[in-house]
Amino acid sequence: MADDAEQVAAAYFSSWRNKEFTTLRRLLADDVEYEGPLARHGSGDAVAGALEGMAGITVDLVVERTFVDDGSVLTWFVLHTTIAEPTPVANLMRVENGKITRLRAVYDPRGLTSA
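Everything numeric here is computed off the predicted structure, so don't read it as measured data.

Reading guide: rules and limits
Per chain, residues are indexed from 1 in the order of the written sequence. Selection of residues for local features in this predicted model requires a pLDDT of at least 70, selection of side-chain atom pairs for listing and counting requires 80 or more, and totals for whole chains, interfaces and linings are taken over all residues. Hydrogens and water are ignored here; the side-chain numbers use all heavy atoms of the structure. Salt bridge, as applied in this entry: a Lys or Arg side-chain nitrogen positioned within 4 Å of an Asp or Glu carboxyl oxygen. Put simply, DSSP H or I for four residues or longer makes a helix, DSSP E for two residues or longer makes a strand, and each gets a number counted from the N terminus. Only protein chains enter the accessibility calculation, which uses a 1.4 Å probe; a residue is then buried when its area is under 20% of its type maximum, exposed when over 50%, and partly exposed in between. One bridge is not enough; two strands pair if DSSP finds at least two bridges between them. Each aromatic pair joins two rings of Phe, Tyr and Trp (for Trp, the six-membered one) with centres within 6.5 Å, and gets the label stacked for planes under 30 degrees apart, edge-to-face for over 60, and tilted for any other angle. Residues count as neighbours in contact if any of their non-hydrogen atoms are within 4.5 Å of one another. Axis definition: a line fitted to C-alpha atoms, limited for helices to the stretch in contact. Angles are taken between N-to-C directions and run from 0 to 180 degrees. By construction, the arc corresponds to the directions joining the helix axis to the C-beta atoms.

Novice: How should the pattern of salt bridges be read in this particular structure?
Specialist: Side chains carrying opposite charge are able to pair once their charged atoms draw close together. Scanning all chains against the criterion turns up eight salt bridges. When the shortest N-O distance is used, the salt bridge between D45 and R25 registers 2.7 Å. Highlighted residues: D45 in helix α3 (residues 44-54) and R25 in helix α2 (residues 21-27), separated in sequence by 20 residues. With relative accessibility at 56%, the residue D45 sits in the exposed group. A residue is classified by how much of its surface remains accessible, and R25, at 18% relative accessible area, is buried. The salt bridge involving E35 is made with R104; its shortest N-O contact spans 3.6 Å. A residue pair is termed long-range when its members are at least 10 positions apart, and E35 in strand β1 (residues 28-35) and R104 in strand β6 (residues 99-106) qualify at 69 residues. With relative accessibility at 30%, the residue E35 sits in the partly exposed group.

Right, here's the structure in full:
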């Protein structure tokens, strides 16, 4: 399961980085739960839609570290946008049966909200 979770996480970040939101949506469970400083979502469509909405300002995602523990993946990455300095993000995801069922993001939103 750990390999599966790591592969799903890598595909998630690759899809997001490459703005392949149809592929990204297929990785999300229909009832995925997302919680972060700026939003909460309770469906795959809402999460994919929110990331697609950010696509206009997203320049890059640089994954620096990934830690896998059974079906949980903790990823430390830096979000590069056109409106703020690079933003470090801790992202914890839970993968079950090849789908992301839970996402938690922790970051300082001040740069993104002040733009």
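Novice: Hey, could you run me through the pairing of β1 in this one?
Specialist: The side chains of a regular strand alternate, residue by residue, between the two faces of the sheet. By the bridge criterion, four bridges tie β1 to β6 in an arrangement that is parallel. Within the sheet, the bridge partner assigned to L28 lies in β6 and is I100. The hairpin turn running from β1 into strand β2 (residues 40-41), its antiparallel successor, is four residues long.

Novice: Would you take a moment to explain the packing of aromatic side chains for this structure?
Specialist: Per the counting criterion, the structure on display carries five aromatic pairs. The interplanar angle of 75 degrees and the centroid separation of 5.7 Å between the aromatic rings of W16 and F77 together place this pair among those described as edge-to-face. One end of the pair, W16, is in helix α1 (residues 2-17); the other, F77, is in strand β4 (residues 72-81), and 61 residues separate them in sequence. Accessibility expressed as a relative area gives 2% for F77, which makes it buried. Joined through ring pairs, the aromatic side chains of Y12, F13, W16 and F77 make up one cluster.

Novice: Just checking my understanding: could you explain the sheet that holds β2 for this structure?
Specialist: Pairing between sheet strands relies on hydrogen bonds along the backbone, with the strands arranged either parallel or antiparallel. Spatially, β2-β1-β6-β5-β4-β3 is the arrangement adopted by the six strands of the open sheet, whose pairing is mixed. Two strands bound the open sheet, and with one partner strand each, they are β2 and β3 (58-69). Pairing analysis gives two bridges linking β1 to β2, with the strands arranged antiparallel. Bridge pairing in β2 places Y34 opposite H41. Seen against the sheet, α3 touches β1, β2, β3, β4 and β6 and runs at an angle of roughly 60 degrees to β1.

Novice: Help me understand α3 in this model?
Specialist: Since the α-helix turns once every 3.6 residues, residues separated by three or four places project in the same direction. Taken as a whole, α3 has its buried residues at G44, V47, A48 and L51. Along the axis of α3, the buried residues cluster in a sector spanning 95 degrees; they form a single face. Exposed and facing more than 90 degrees away from the buried side of α3 are D45 and G53.

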